[in-house]
Amino acid sequence: MAANSGSSADAAIEIKQLLNAFDRKTATGKRDYAITRCLLDLGLRRAEVAHLQLNDVDWRAGTLSIHGKGKRVDILPLPRSTGQAIADYLRHDRPTTTRRELFVRHRPPVNAAAGLDIVRNAGYAAKRCDLQQRIRGTHIFRRTAACRMVQGGAPFKEIADLLRHRHLDTTTIYAKVDLPSLRRVAFPWPGRRS
């Protein structure tokens, strides 16, 4: 996505294109839209989305519990757009099932969790909006979330917390610096001739 190219305007356009590529009049479209919001807005890993449980959403507090690497549980704020997408799916289109996973399959085998293959459905939306060359997997959404935060002026510690990195060095790999924006605010190097 454009988040890697340093252009926040291009990234915003591509994100809008991608989100508009989901047919939210269908049950699977609503599910896949909500999944993509989790990936894009929270920078979740594919497995983290696939393993989300109904009781991981605290609607009153507006938070989401993430069960990550090493049996670690992190509590993240649930953005309004993500919460609305999840709520719309749960209220109107999630099939009746005994499963506790937030996202479930709609085609056989029914009454099964939406596994990693279902979380990858964002790739089909990328094809529908002609972004398949930019979006080759779901990991790009983690990078995009980090880049959007950098461009919004968030401190690296905040970005690291959202991505649940233990070391800031890991975050710098995800959050590439927007050099054109940095040049506009940077002071000239002392002693450099103009």
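As shown above, the structure is provided for reference.
The sections below set out a description of the structure shown in this document. Treat the numbers as computed from the prediction; the structure is a model and nothing was measured. (Residues numbered from 1 in each chain as written. Predicted model: local features only at pLDDT ≥ 70, side-chain atom pairs only at ≥ 80, totals over all residues. Heavy atoms only, no water.)

**Let's talk about the nonpolar core**
Let me state the cut-off plainly: The nonpolar core is taken to be a set of buried Ala, Val, Leu, Ile, Met, Phe, Trp, Tyr and Cys residues, with the residues joined through side-chain atoms within 4.5 Å. Per-residue accessibility, obtained with a 1.4 Å probe over protein chains only, is compared with the maximum for each type, and a residue is labelled buried under 20%, exposed over 50%, and partly exposed between these values. Strands here are runs of E lasting at least two residues and helices are runs of H or I lasting at least four, both read from the DSSP assignment and numbered beginning at the N terminus. Residues count as neighbours in contact if any of their non-hydrogen atoms are within 4.5 Å of one another.
In terms of nonpolar packing, the biggest core is built from 42 residues, with Leu-44, Val-49, Leu-52, Leu-64 and Phe-103 touching the most fellow members. Examining the composition of this core, we find that 7 residues originate from one element, helix H2 (residues 27–42), more than from any other. Once you skip the residues sitting within four places of it in the chain, Leu-44 turns out to touch Cys-38, Leu-39, Val-49, Leu-52, Leu-64, Ile-66, Leu-76, Arg-142 and Arg-164.

**Examining the environment of Leu-76**
Within the element layout of this structure, Leu-76 appears in strand E3 (residues 73–77). The spatial distance from the C-alpha of Leu-76 to the C-alpha of Val-57 is 9.9 Å, given a sequence separation of 19 residues. Among all residues touching Leu-76, those that are not within four sequence positions of it are Leu-42, Leu-44, Gly-62, Thr-63, Leu-64, Ile-66, Asp-161, Leu-162 and Arg-164.

**Focus on the packing of H2 against helix H4 (residues 80–92)**
The condition that has to hold: Angles here are taken between N-to-C directions and fall from 0 to 180 degrees, while the axes themselves are lines fitted to C-alpha atoms, restricted in helices to the stretch in contact. Should an angle lie under 35 degrees it is considered roughly parallel, over 145 roughly antiparallel, and from 65 to 115 roughly perpendicular; all remaining angles are considered oblique. Take the far helix as the reference: if the near one is turned anticlockwise from it by less than a right angle, the crossing is left-handed, and if turned clockwise, right-handed. Residues are grouped as follows: nonpolar covers Ala, Val, Leu, Ile, Met, Phe, Trp, Tyr, Cys and Pro; charged covers Asp, Glu, Lys and Arg; every other residue, Gly included, is treated as polar.
For the pair H2 and H4, the least separation of the axes is 9 Å and the interaxial angle reads 155 degrees. Relative to H4, the element H2 lies roughly antiparallel. The chirality of how H2 crosses H4 is left-handed. In this structure, H2 contributes Ala-27, Lys-30, Arg-31, Tyr-33, Ala-34, Arg-37, Cys-38, Asp-41 and Leu-42 to the contact, and H4 contributes Ser-81, Thr-82, Ala-85, Ile-86, Asp-88, Tyr-89 and His-92. Per-class residue counts for the contact of H2 with H4 are 8 nonpolar, 3 polar and 5 charged.

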